[in-house]
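# Close look at the chain arrangement
Residues per chain, in single letters:
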Amino acid sequence: MVNASDSGRDAREVFRLDNETLAFRFTATVSSRRADPFERLTTPERLDLWLDANGLRLGSKTACAADLAAAHALREAVYRAGKAVADRRRPDPADIAAVNAAVRQGRAYLELGEESARWRSDGPAPVGDALALIAENAIQILGGHDRQRVKACEGPGCGGLYLDTSRGGNRRWCSMNTCGNRAKKAAMRVPRRQTPPT
Ligand SMILES: [Zn+2]
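This section reports on the structure supplied with the text. Computed from a predicted model, the values in this text were never measured in an experiment.

As a further point, take the pairing of strand E4 (residues 117–120). One face of the sheet, then the other: side chains in a regular strand alternate in exactly this way. In this structure, strand E3 (residues 109–112) lies alongside E4, joined through four bridges in antiparallel fashion. Its bridge partner lying in E4, Tyr109 is registered against Arg120. Linking two consecutive strands that pair antiparallel, namely E3 and E4, is a turn of four residues.

Here the phi dihedral of Ser32 falls at roughly 50°; this positive angle occurs in a residue that is not glycine. Tracing the backbone through its elements, the reader meets Ser32 in the loop between strand E1 (30–31) and strand E2 (38–39).

Moving on, we get to the environment of Ala23. Relative to the elements of secondary structure, Ala23 occurs in helix H2 (residues 22–27). With relative accessibility at 0%, the residue Ala23 sits in the buried group. Taking the C-alpha atoms as reference points, Ala23 and Leu142, separated by 119 residues in sequence, lie 10.0 Å from one another. Among all residues touching Ala23, those that are not within four sequence positions of it are Val78, Ile134, Asn137 and Ala138.

Next up on the list: the pattern of salt bridges. Oppositely charged side chains can pair when the atoms bearing their charge come close. Under the defined criterion, the tally for this structure stands at 14 salt bridges. In this structure, Glu39 and Arg75 form a salt bridge, with 2.6 Å as the shortest nitrogen-oxygen distance. With Glu39 in strand E2 and Arg75 in helix H4 (residues 65–86), this pair connects stretches of sequence that are 36 residues apart. Taking relative accessible area as the criterion, Arg75 reaches 2% and is therefore assigned buried. Of the charged contacts in the structure, one is a salt bridge between Arg172 and Glu154, with a shortest N-O distance of 2.9 Å. Within this pair, whereas Arg172 is found in the loop between strand E6 (161–163) and helix H7 (176–189), its partner Glu154 is found in the loop between strand E5 (150–152) and E6, the two being separated by 18 residues in sequence. Residue classification places Glu154 among the partly exposed positions, given a relative accessible area of 46%.

Rules used in this analysis
Residues numbered from 1 in each chain as written. Predicted model: local features only at pLDDT ≥ 70, side-chain atom pairs only at ≥ 80, totals over all residues. Heavy atoms only, no water. Pairing = 2+ DSSP bridges. Helix = DSSP H or I, 4+ residues; strand = E, 2+ residues; numbered from the N terminus. Buried < 20%, exposed > 50% of the residue type's maximum accessible area, 1.4 Å probe, protein only. Contact = heavy atoms within 4.5 Å. Salt bridge = Lys/Arg side-chain N within 4 Å of Asp/Glu carboxyl O.

In structure tokens:
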């Protein structure tokens, strides 16, 4: 169930869903992290909306307040650990423990559908199972060879995590469509100095 304020709303109006990496798409439910953090995952209904939009609504059960608290805790642990990796620091052991604890409770399985594969769960805690998949993705990225490519967005105030898959490893923004465009427009507004005639 989605509450009145969010009923019928497209998840794309509420969240930024353009990050290619699942775990970082999840951490992006807080925007403007470096300036004025803005929480988009405000209610259990919003959590259901996000999970649904990301193929992680694993059962008919809706999220409860405890699920939302668990989601916030995992998300911030993933963000802090990811930011540490981006800064080439060691993550805090407490954040590592939180991510590892989240993945252990997962009981989701992948099922072949008619057109694609989908995650399912028959367990009593489908939201916990979905969070476990997010934690697993974070472990694969932050613990695998892609960790060298983890970066924090240079966009004004953003700080969002992303995986720099560019060939030259020179990508600076979490998304070209948002932060990249904003930075380009800001650069264009700076008047160019006229070159004096020689
Ligand atoms: Zn950004």
